[in-house]
Amino acid sequence: MNARTSALDSLVFGVDIQSGDIRGDAPSYALVVFDGESIERDVVSHRKLRRRIEADEPAVVATDNAYELAADKDDLVRFLRSLPHGTSLVQVTGAERPEPLSRVASRHGVPYGKKPMQEAEASARLAAANVGYEVTAFTDTTTVKVSRGRSTGKGGWSQDRYTRRIHGNVKRQAREVESELDDAGLDYEVDITEKYGGYSNAVFSVSARPQDIPVSAHRSGDTRVEIERERRDGIEFEPLVKRRDRVIVGIDPGTTTAAAVIGLDGTVFDVYSTRTADTAEVIEWLVERGRPVIVAADVTPMPETVETFRRSFNAAGWTPGSDLPVDEKLHRTRDEAYDNDHERDALAAALFAFDSHEDQFERVGRKTPAGIDRAEVIARVVADEQSVEGALSDLRDDDGKEEEESGPEPRELTDEEKRIRDLESQVDRLQAHVDDLKDELDEKDDEIEGLEEELSDARREERLEARRDREVTRIRRENSRLERERDEAEETVEELEDKLARMKTLWKLDHDNFADVSRGRDLVPVKAVEQFTKRAIERADEQYGLAAGDVVYLRDASGAGRATAERLAETEPRVILRNGGLSGAAEEVLFDHEIPVGPADDVTMQEVDELAVARESDVEAVINDWKRRAEEREREQTEAMMDEIISEHRAGEGERT
């Protein structure tokens, strides 16, 4: 027996709303705690109900409407997620289109009253008798995520060691989880993200419920472990038991025995396969899921093992005209879920058996009057090979059988009495039909009311969604603005850090304990420019500024033209120390601006990154040497000009003579 069939021996909470509304004012609930014998009744708030569920961990929380516990589908998912792992939520009135609780209680012989406490008790008793549908939003797959428990930070002198330690601890924790899952024999898949020193995270997809996994969620130092059930696409309702259903069974025998159970409407209920279970265990599994009308195989003739199952249930047998090809089985089961080829073959046998009898089921259904169990008629026609009329007659006789009273043998009825009997029988059938129509009308009314509530809920949800969208848009705009401010702040920080570094360098230059400092401070700062290009001059000007009176050091003076020389001359340096030779055009521009230029080799310099210091005396010597050369150049230029004037004068005198 599975866990669902043992509710009668477990703690059951029956819940019905007492006052208020879950969508508005804080509601109160009628709570009935039922353990199969004793009954406890109380009126609790929503918060206290949640605390009681968490503390007592009942097997079932039963209600006639799941949306009395949650405002909408998202809220219902959150409620289901908050339930203890062993607790299920059961809606006793049906699935998506529930019946009135009064009708369900009457059908199952459970006391019913209209007061909330009486409805809560009826829900509890129905759930304890395995009546209803489990409300679920999760699959039987659980995600176990091992990840970092703290951030790796934004750098620092020990950043690499710190990051390596965290990733190493995540890897070690992931291996411990993997070992525990292996020891428990659980099937899982793992997705690992490797990072420097180990793992940043490891995500295990485990084919089990959280309560079956030997790992607990926790956070400890560098690591944390999170456990979460895999979410379904929506809310689903699963029947607690299907023991009363008439079903079609497909069997695939062999080393691995597989079985599939479907309803008389072709709905797939369950599939199953085992390598260890014997025939008795498979039969028990089938008994829990229904009463077989047809037992089918995918090959012909029917294997002896399948025949054994057929005889066990006194069901009709079905085999195809020839063995079913694999491609046809794949096509017929393409929309259904199964785990292996054996389950596929069993499922295909059941579905093909349904296809073969579908027209017969419809004919029987059309001939079956209201008030007669259609599935029972089908079972008698298919399994017992009765006619529809004979099956209906037997069912009516079974329903109307009474103990015979002792007395004289009844006389034969007259024609008039037979006519009266037939009319009375017709009236009873018509009355039963009227009752069915009234019930159907009530169902339609309930359905309309439910649809109106759904429409109201949908409109409310739409308004909430629109409000959420507006809020999300506002938050995104605010987030974009804050990101821009952050980027601007980071740029400002970088600029300030660069400026601070330059200031520290200048401070070092002014306070470093050079040997020359103690001898009259014969030092002068020198600002270096990597190349005699406009870009290099601009870069130096941005980094530490080029001002009038600076000593500028050109690490590579070659290649500059007139425009580059003009750019450097604009800064009005005191002197330019160069490595390499200047172009004629650059030298002429600097000479015209009376800017001294000399070789750097003539000056003793000590460099610190882009800056340097030199002896003042060496710099003065370069300046004086340039002045001397400038005077000689001017004298040479003057003499050349005078010679040119004299030559032109003499040439003019010769022409006149």
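Peer 1: It is not clear to me how the sheet that holds strand 15 (residues 316–318) should be interpreted in this structure. Could you clarify?
Peer 2: The strands making up a sheet associate through hydrogen bonds between their backbones, and the pairing can be parallel or antiparallel. Strand order across the open sheet formed by five strands is 13-12-11-14-15, with mixed pairing between neighbours. One side of each edge strand has no neighbouring strand; the edge strands of this open sheet are strand 13 (268–274) and strand 15. Across the sheet, the axes of successive neighbouring strands diverge by a mean angle of 25 degrees, strand direction being ignored. By the bridge criterion, five bridges tie strand 11 (residues 246–252) to strand 14 (residues 291–296) in an arrangement that is parallel. The partner of I248 across the bridge, within strand 14, is I294.

Peer 1: Explain the nonpolar core to me, please; I cannot follow it from the model alone.
Peer 2: Among soluble globular proteins, nonpolar side chains are generally buried collectively. Ranked by internal contacts, the top residues of the largest apolar core, which has 33 residues, are I248, I262, L264, I294, F361, V377 and V382. Counting residues per element, the ones that place at least two in this core are strand 12 (257–263), strand 14, strand 15, helix 9 (341–367), helix 10 (374–382) and helix 11 (388–400). Per-element accounting of this core gives the leading share, 11 residues, to helix 9. With near-sequence residues (within four places) excluded, V382 lies in contact with V293, I294, A316, H357, Q360 and F361.

Peer 1: When you look at the packing of aromatic side chains in this model, what are you seeing that I'm missing?
Peer 2: Between two aromatic rings, the relevant description is the distance of the centres plus the angle of the planes. Inspection of every chain in the model, using the stated rule, returns four aromatic pairs. Ring geometry for Y272 and W285: centres 4.6 Å apart, planes at 20 degrees, overall stacked. Taken together, the residues span a long stretch of sequence, with Y272 in strand 13 and W285 in helix 6 (residues 279–289) at a distance of 13 residues. The residues Y272 and W285 share a single accessibility class, namely buried. Above the ring of F34, the side-chain terminus of R125 is found at 4.9 Å from the ring centroid. The aromatic ring of F591 is capped on one face by R633, whose charged end is 4.2 Å from the ring centroid.

Peer 1: Please clarify how the environment of G549 should be interpreted in this entry.
Peer 2: Tracing the chain through its elements places G549 in the loop between helix 13 (534–544) and strand 17 (551–554). Considered as a pair, G549 and R574 are 25 residues apart in the sequence and their alpha carbons are 4.3 Å apart. The contact partners of G549, leaving out residues within four places of it in the chain, are E572, P573 and R574.

Peer 1: Just checking my understanding: could you explain the pairing of strand 8 (residues 198–206) for this structure?
Peer 2: The side chains of a regular strand alternate, residue by residue, between the two faces of the sheet. Counting buried positions over the nine residues of strand 8 gives seven, a clear majority of the element. Of the pairings in the sheet, the one linking strand 6 (residues 133–148) to strand 8 comprises six bridges and is antiparallel in character. Bridge assignment links V144 to a residue of strand 8, and that residue is F204. With eight bridges joining them, strand 7 (residues 188–195) and strand 8 adopt antiparallel strand pairing. Each bridged residue has a counterpart across the sheet, and for Y188 the counterpart in strand 8 is V206. Here strand 7 folds back onto strand 8 in antiparallel fashion, the turn holding two residues, of which G197 has a positive phi close to 95 degrees.

Peer 1: How do you make sense of the packing of helix 9 against helix 10 when you look at a structure like this?
Peer 2: Between two packed helices, both the angle of their axes relative to each other and the distance between the axes serve to describe the pair. Running from N to C, helix 9 and helix 10 cross one another at 125 degrees; their axes reach a closest spacing of 10 Å. When the interaxial angle is binned, helix 9 and helix 10 end up oblique. Seen along the crossing, helix 9 lies across helix 10 with a hand that is right-handed. From helix 9, H357, Q360, F361, V364 and G365 reach across to helix 10, where they touch R374, V377, I378, V381 and V382. Residues belonging to the contact of helix 9 with helix 10 are distributed by class as follows: six nonpolar, three polar and one charged.

Peer 1: Can you walk me through a positive patch on the surface in this structure?
Peer 2: On the surface, R459, R463, R467 and R470 cluster together into a positively charged patch. Among the structural elements, R459 can be located in helix 12 (residues 415–511).

Peer 1: Mind showing me how you'd approach the environment of V326 here?
Peer 2: On the secondary structure map, V326 appears in helix 8 (residues 326–332). Along the chain, V326 and A348 lie 22 residues apart, while their C-alpha atoms are 9.7 Å from each other.

Peer 1: When you look at the pairing of strand 12 in this model, what are you seeing that I'm missing?
Peer 2: For strand 12, the buried fraction is high: seven of the seven residues fall into the buried class. Burial along strand 12 is two-sided: the residues T257, A259, V261 and G263 and A258, A260 and I262 are all buried. In the sheet, strand 11 pairs with strand 12 via six bridges, with the strands oriented antiparallel. Paired with G250 across the strands is A260, a residue of strand 12. Where strand 11 folds back onto strand 12 in an antiparallel hairpin, the turn is made up of four residues, including G254, whose phi is positive at roughly 145 degrees. Pairing geometry for strand 12 and strand 13, over six bridges, is antiparallel. Residue A259 lies in a different strand from strand 13, and its bridge partner there is Y272.

Peer 1: Just to check I follow, could you spell out the packing of helix 14 (residues 562–569) against helix 15 (residues 584–592) for this structure?
Peer 2: Two elements in contact, helix 14 and helix 15, have axes whose closest approach is 8 Å; the angle formed by their N-to-C orientations is 30 degrees. Here helix 14 lies roughly parallel to helix 15, going by the angle between them. By crossing handedness, the relation of helix 14 to helix 15 is classed as right-handed. Contacts from R562, A565, E566 and A569 in helix 14 reach A585, A586, E588, V589 and L590 in helix 15. Here the contact of helix 14 with helix 15 is built from residues that sort into six nonpolar, no polar and three charged.

Peer 1: Help me out: how do you make sense of the pattern of salt bridges in this one?
Peer 2: Oppositely charged side chains can form a pair if their charged atoms are brought close together. Inspection of the entire model under this criterion finds 39 salt bridges. Linking E485 and R481 is a salt bridge whose minimum nitrogen-to-oxygen distance equals 2.4 Å. Of the two residues, E485 and R481 both sit in helix 12, four residues apart, roughly one turn of that helix. For E485, a relative accessible area of 40% corresponds to the partly exposed category. With relative accessibility at 31%, the residue R481 sits in the partly exposed group. By sharing partners, the salt bridges in this structure join D298, K329, D341, R344 and D345 into a single network.

Calculation criteria
- Just so you know, the residues in each chain are numbered from 1, in the order the chain's sequence is written.
- Thresholds applied to this predicted model are a pLDDT of at least 70 for local features of residues and 80 or more for the giving and counting of side-chain atom pairs; totals over whole chains, interfaces and linings are not thresholded and use all residues.
- As a rule here, side-chain values come from all non-hydrogen atoms in the structure, and water together with hydrogens is ignored.
- Strands are labelled as partners when DSSP assigns at least two bridges between them.
- Helical segments are the DSSP runs of H or I of at least four residues, strand segments are the runs of E of at least two, and each set is numbered from the N terminus.
- Only the stretch in contact is used when fitting a helix axis, every axis being a line fitted to C-alpha atoms; angles between N-to-C directions are given from 0 to 180 degrees.
- Grouping buried Ala, Val, Leu, Ile, Met, Phe, Trp, Tyr and Cys residues that are joined through side-chain atoms within 4.5 Å yields what is termed a nonpolar core.
- The buried label goes to any residue with under 20% of its type's maximum accessible area, the exposed label to any with over 50%, and the partly exposed label to all in between, with areas taken from a 1.4 Å probe on protein chains only.
- What makes two residues a contact is simply this: any of their non-hydrogen atoms within 4.5 Å.
- Each Phe, Tyr or Trp ring, with Trp reduced to its six-membered ring, pairs with another whose centre is within 6.5 Å; inter-plane angles below 30 degrees give stacked pairs, above 60 give edge-to-face pairs, and intermediate values give tilted ones.
- Placement of a charge over a ring requires the Lys NZ or Arg CZ to be within 6 Å of the ring centre, with the centre-to-atom vector within 35 degrees of the ring normal.
- Orientation labels follow simple angle bins: below 35 degrees gives roughly parallel, above 145 gives roughly antiparallel, 65 to 115 gives roughly perpendicular, and whatever is left gives oblique.
- Handedness of each helix crossing follows the sense of rotation of the near helix against the far helix: counterclockwise by less than a right angle gives left-handed, clockwise gives right-handed.
- Residues are grouped as follows: Ala, Val, Leu, Ile, Met, Phe, Trp, Tyr, Cys and Pro are nonpolar; Asp, Glu, Lys and Arg are charged; all remaining types, including Gly, are polar.
- Grouping into patches uses exposed residues only, defined as over 30% relative accessible area, and leaves out salt-bridged ones; the cut-off is 9 Å for like charges and 5 Å for nonpolar side chains (Val, Leu, Ile, Met, Phe, Trp, Tyr).
- The Shrake-Rupley method, run with a 1.4 Å probe, gives the accessible areas here. Residue values count only the displayed protein chains as cover.
- Definition used for salt bridges: Asp or Glu carboxyl oxygen within 4 Å of a side-chain nitrogen of Lys or Arg.
- In this charge count, Lys and Arg are treated as positive and Asp and Glu as negative; neither His nor the chain ends contribute.
- Lys charges are placed at NZ, Arg charges at CZ, Asp charges at CG and Glu charges at CD.

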